[in-house]
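Observations on chain architecture
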Amino acid sequence: MTHRSRSKRVLALDALQRVEGEGAMYVDIRQGTVREVQLRIYEPPRFFEAFLRGRHYTEPPDITARVCGICPVAYQMSACQAVEAACGVTVDGQLAELRRLLYCGEWIESHALHIYLLHAPDFLGYENAVELAGDHADIVERGLQLKKTGNEILELLGGRAIHPVNVRVGGFYRLPTARQLRPLRERLLGALDAAVETVSWVAGFDFPELAHDLELVALRSPGAYAVLGGRLASTDGLDISADEFDAHFVEEQVAHSTALHSKMRERGTYLLGPLARYALNCDELAPEAKEAAAAASLLPEERNPFRSIVVRAVETVHACAEALRIIDAYERPAEAAITVEPRAGVGCGWTEAPRGTLWHRYEIDDGGMIIDARIVPPTSQNQPAIEHDLFHFVEANLELDDDALRRRCEQVIRNYDPCISCATHFLDLRVERS
Amino acid sequence: MTREAVVTPPVREVPVPRLPERQRAPRKPSVAVWKFSSCDGCQLTLLDCEDELLAVAGAVELSYFLEAGFSSDGPYDLSLVEGSVTNEADRRRIERVRAVSKHLVTIGACATAGGIQALRNFGDVEEFLSIVYASPRLVEALGESTPISAHVPVDYELRGCPITRAQLLEVVLAFLHGRRADVVASSVCSECKLTGNVCVTVADGMACLGPVTHAGCGALCPSYKRGCYGCFGPMESPNLPAMIGGLNRRGLDDGSVVRLLRSFNAAAPQFQAATQALIEMGECPT
């Protein structure tokens, strides 16, 4: 929908396509100047943080998985880390490696979904992946098989790809044997090749000009491309633990969104996700991923958000290589989970969801019941960055006609792979907080 | 972390494509996928049919499926509806969706039973909102999360949180060929027998909702050495009193039983009646 007059130009898109969940976009241009841009999130709130009160400390992995069907493992892992922190235990060794393997499955699935089915059609001038498959069936097929390999990891280790059942506070319910993991190896070798081909495919796209100077924020954990925990770092020197998150970030309610917007105190808009992770951790990538990144001429700090699709492909290579490493080194632990006894306290945890850092915080009583729960997901944190990009992109491309500009704006939003189902639930219950 | 309000104009209502007059029906049956309040997982299940997706897209006209990039106007031969109704705008939208759909199938626990967000039905949403928001009037939410069938006639309800790929494909095929869907309505217990699982309740003393839970997952949780947590909702004739007695004997107090039944299908009639009865007996906290 477009309204245009000599002085006023409004680009509105009532329902964004090829994003997870439902949102809209609104751009207001007056006298050749961008007045306002909004990524409007109108999905109704689901009140997860309210429901978690009065539930048992063992329940957040299953309950919070339902925030998002695309990244349930991210919710399960952040929930486990936070509850375990509250109870004063750490899950490490092979159990942590298996959690990492499960997470690799989600990264592969989610990234392949976004690259092939949601984002690539933008660069190649197709309306959707089915149209793309009409001309390039082999390419879409490669993407679907890559995606399927991610799902196979989730299904073998988690029981199912969406809302896995095998995750619990302390570890797992049932552990696979090394022999059971072996069939994944063959699949992953094929997926690794497909992922490397994906990097060179997307690196050949035409990328519109756009650069931002936002602070890039991601977890860092020496010796690993951080996924499960670590400290939160940034390109401007941030370095904090999960417990310090509150002291550095603030959320705002705005009328055009049912997701709260996050800002860094006294520093403003920041950016999470693949571009940030790559900028802060590229020296920790698997050799295969480093090689693919070099072949794609990725800069150590990529500032064009349209090139996030290349970074997502490089991360897919890394996830395949990492999954192979874990499977090859796997020795089945004696126990499927460590014992986690409840105690009164507060615990915070975070992990790198495919779209960026996902923070959970739980307060539990000595009987193990949850007194307070808070969740801050990546898409709500990235909303201001998306609007920032939209603003600057529209400003630099006012000469495009409305249809072309609107399409490009939609692509700008897709650069972030926004997960609106996730973002929406942040309308949380807030009682008794000083 | 503090939460502050910045007042900007309200959001416009999202249109459902209008039914154009005298439009010729497409040759291939047209399929639409709609999202209401949900996690996106059940419609993702369609995209998770990696081996079948392109074949399905060749056999039907994917007409409306925003997440995959389809937004053609109706009418549609088959509408798959994910999610529950939780606000006024969606209450009106589901009526418009029904009007342009020949068949309407709900997919998943949210659309079929109200989903996890139906836990609000047992609390006070007005109070939630006024406590939570700097500007509660900017957010619109109904007091209850309701299934699609509370608002419009539904031709078939597919269970699960999430649904399974096999059942989704079976239901789509059945509707497109005008036959009954081959989906069993028995319990997870029967699937454990078919799978050859040792009963986790009998052998390990675990609390398991398998006897009262609708089949469809393939007895997933017991296969992973945990008790079923009821994500497919009640089976066709669940014996809840016997189930609750059994859970009590396994050491679960009534509060724990209520929590177990109040998860992803809390507002499914049989589960809701059972938990309300327990609470009315006054023994357990809500």
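This is a predicted model, so every value here is computed, not measured.

What counts and what doesn't
Residues numbered from 1 in each chain as written. Chains lettered and ligands numbered in written order. Predicted model: local features only at pLDDT ≥ 70, side-chain atom pairs only at ≥ 80, totals over all residues. Heavy atoms only, no water. Helix = DSSP H or I, 4+ residues; strand = E, 2+ residues; numbered from the N terminus. Buried < 20%, exposed > 50% of the residue type's maximum accessible area, 1.4 Å probe, protein only. Contact = heavy atoms within 4.5 Å. Areas by Shrake-Rupley, 256 points an atom, 1.4 Å probe, with all protein chains shown as cover. Pairing = 2+ DSSP bridges. Expected span 1.5 Å × (residues − 1). Bend = angle between axes of the 7 residues up to and from the residue. Axes fitted to C-alpha atoms, helices over the stretch in contact; angles between N-to-C directions. Left-handed = near helix turned anticlockwise from the far one by under 90°. Nonpolar A, V, L, I, M, F, W, Y, C, P; charged D, E, K, R; others polar. Domains from an automatic or database assignment. Buried area = accessible area lost by both parts, 1.4 Å probe. Salt bridge = Lys/Arg side-chain N within 4 Å of Asp/Glu carboxyl O. Polar contact = N/O pair within 3.5 Å; in protein donor to acceptor, adjacent residues only side chain to side chain.

1. Notes on the overall build of chain B
Along its length, chain B carries 12 helices and seven strands. Classification of the 286 residues of chain B by burial places 56% in the buried group. Of all intrachain contacts in chain B linking residues separated by at least 6 positions in sequence, the fraction that spans at least 24 positions is 71%. For chain B, the accessible area works out to roughly 12,100 Å², and carbon and sulfur atoms hold 53% of it.

2. Thoughts on the sheet that holds strand 8 (residues 231-234) of chain A
Residue and element names in this part refer to chain A. With mixed pairing, four strands are arranged side by side in an open sheet as 9-8-7-12. In this open sheet, the two edge strands, each paired with only one partner strand, are strand 9 (239-240) and strand 12 (270-271). Of the strand pairs in this sheet, strand 8 and strand 9 are connected by two bridges, and their pairing is antiparallel. Residue pairing for strand 9: Leu232 is matched across the bridge by Ile240.

3. As for helix 7 (residues 178-203) of chain A
Residues and elements named next belong to chain A. Taking 1.5 Å of rise per residue, the 26 residues of helix 7 would be expected to cover 38 Å, and the 36 Å separating its terminal C-alpha atoms lies within 8% of that figure. Of all the bends found along helix 7, the most pronounced is centred on Leu184 and spans about 25°. Inspection of helix 7 places Leu181, Leu184, Leu188, Ala191, Leu192, Ala194, Ala195, Thr198, Val199, Trp201 and Val202 among the buried residues, and these make up the whole buried set. In this fold, the buried residues of helix 7 make contact with helix 4 (93-124), helix 5 (129-135), helix 6 (137-158), helix 10 (287-295) and helix 11 (308-328).

4. A short note on the packing of helix 6 of chain A against helix 7 of chain A
All names here are of chain A. At their nearest, the axes of helix 6 and helix 7 sit 9 Å apart, and the two run at 145° to each other. In this structure, the crossing between helix 6 and helix 7 has a hand that is left-handed. Residues Ile139, Arg142, Gln145, Leu146, Lys148, Thr149, Glu152, Ile153 and Leu156 of helix 6 form the contact with helix 7, whose participating residues are Gln180, Leu181, Leu184, Arg187, Leu188, Ala191, Ala194, Ala195, Glu197, Thr198 and Trp201. Partitioning the contact of helix 6 with helix 7 into residue classes produces 11 nonpolar, four polar and five charged.

5. Considerations on the environment of Arg277 of chain A
Residues and elements named next belong to chain A. Among the structural elements, Arg277 can be located in helix 9 (residues 274-281). For Arg277 and Asp365, which are 88 residues apart along the polypeptide, the C-alpha to C-alpha distance reads 35 Å. Once residues within four sequence positions are removed from consideration, Arg277 is found in contact with Trp107, His111, Ala218, Tyr225, Cys282, Glu315, Glu352, Ala353, Pro354 and Gly356.

6. Some details on the sheet that holds strand 15 (residues 370-376) of chain A
Residue and element names in this part refer to chain A. On the basis of which strands lie adjacent, the open sheet formed by three strands has the order 13-14-15 and antiparallel pairing. Whereas interior strands pair on both sides, the edge strands pair on one side only; in this sheet they are strand 13 (345-353) and strand 15. Each strand axis lies, on average, 15° off the axis of its neighbour in the sheet, ignoring direction. Relative to strand 14 (residues 356-364), strand 13 is paired through nine bridges, and the arrangement is antiparallel. For Val346, the partnering residue across the bridge sits in strand 14 and is Glu363. Along the sheet, helix 3 (residues 72-87) contacts strand 13, strand 14 and strand 15; its crossing angle with strand 13, the most-contacted strand, is approximately 150°.

7. Considering the domain arrangement of chain B
Accessible area lost when the parts come together is the quantity often used to give the size of an interface. All names here are of chain B. Split into domains, chain B comes out as domain 1 (30-177) and domain 2 (188-280). Taking only C-alpha atoms into account, the centre of domain 1 sits 25 Å from that of domain 2. Taken residue by residue, the interface counts 14 residues in domain 1 and 16 residues in domain 2. Here domain 1 packs against domain 2, burying approximately 1,200 Å² in sum over the two surfaces, 64% of which is carbon and sulfur. In terms of surface lost to domain 2, no three residues of domain 1 exceed Phe122, Arg159 and Cys161, which account for 44% of the buried area on that side. In this assembly, domain 1 and domain 2 are joined by zero salt bridges. Taken together, domain 1 and domain 2 are joined by two residue pairs in polar contact (both at pLDDT 80 or more). Class assignment of the residues belonging to the side of domain 1 that touches domain 2 gives a composition of eight nonpolar, five polar and one charged.

8. Quick notes on unusual backbone geometry
Excluding glycine, residues mostly have negative phi values, and the peptide bonds linking residues are mostly trans. The peptide bond linking Gly74 of chain B to Pro75 of chain B adopts the cis configuration, its omega dihedral lying at 10°. Topologically, Pro75 of chain B is positioned in the loop between strand 4 (70-71) and strand 5 (76-82). Backbone geometry at Phe47 of chain A places phi at a positive 60°, although glycine is not the residue there. Examined against the element boundaries, Phe47 of chain A turns out to sit in the loop between strand 4 (33-41) and helix 1 (48-52). Residue Phe47 of chain A is classed as buried on the basis of its relative accessible area, which comes to 0%. Positioned with a positive phi, Asp417 of chain A is a non-glycine residue whose angle comes to about 50°. Its place among the elements puts Asp417 of chain A in the loop between helix 13 (402-414) and helix 14 (420-424). Using a relative accessible area of 2% as the deciding quantity, one classes Asp417 of chain A as buried.

9. Some details on the side chain of Glu387 of chain A
Within the element layout of this structure, Glu387 of chain A appears in helix 12 (residues 378-396). If near-sequence neighbours (up to four positions away) are discounted, Glu387 of chain A is found in contact with Val37, Gln38, Leu39, His256 and His261 of chain A.

10. Details of the environment of Cys199 of chain B
Along the chain, the position of Cys199 of chain B falls in the loop between helix 7 (188-195) and helix 8 (200-204). Distance from Cys199 of chain B to Gln117 of chain B, taken between C-alpha atoms, is 31 Å for residues 82 residues apart in sequence.

11. Some words on the pattern of salt bridges
Counted under the stated rule, the structure contains 37 salt bridges over all chains. Between Arg407 of chain A and Asp403 of chain A there is a salt bridge, with its nearest N and O atoms 3.8 Å apart. With Arg407 of chain A and Asp403 of chain A both in helix 13, this residue pair falls four residues apart, about one helical turn. Of the residues examined, Asp403 of chain A reaches a relative accessible area of 39% and is grouped as partly exposed. Here Arg91 of chain B makes a salt bridge to Glu95 of chain B, at a shortest N to O gap of 3.9 Å.

12. Points about the environment of Ala313 of chain A
All names here are of chain A. Mapped onto the secondary structure, Ala313 falls in helix 11. Taking relative accessible area as the criterion, Ala313 reaches 0% and is therefore assigned buried. Taking the C-alpha atoms as reference, Ala313 lies 9.1 Å from Glu197; in sequence the two are 116 residues apart. With residues up to four places along the chain from it excluded, the contact list for Ala313 reads Ile115, Ala195, Thr198, Val199 and Val202.

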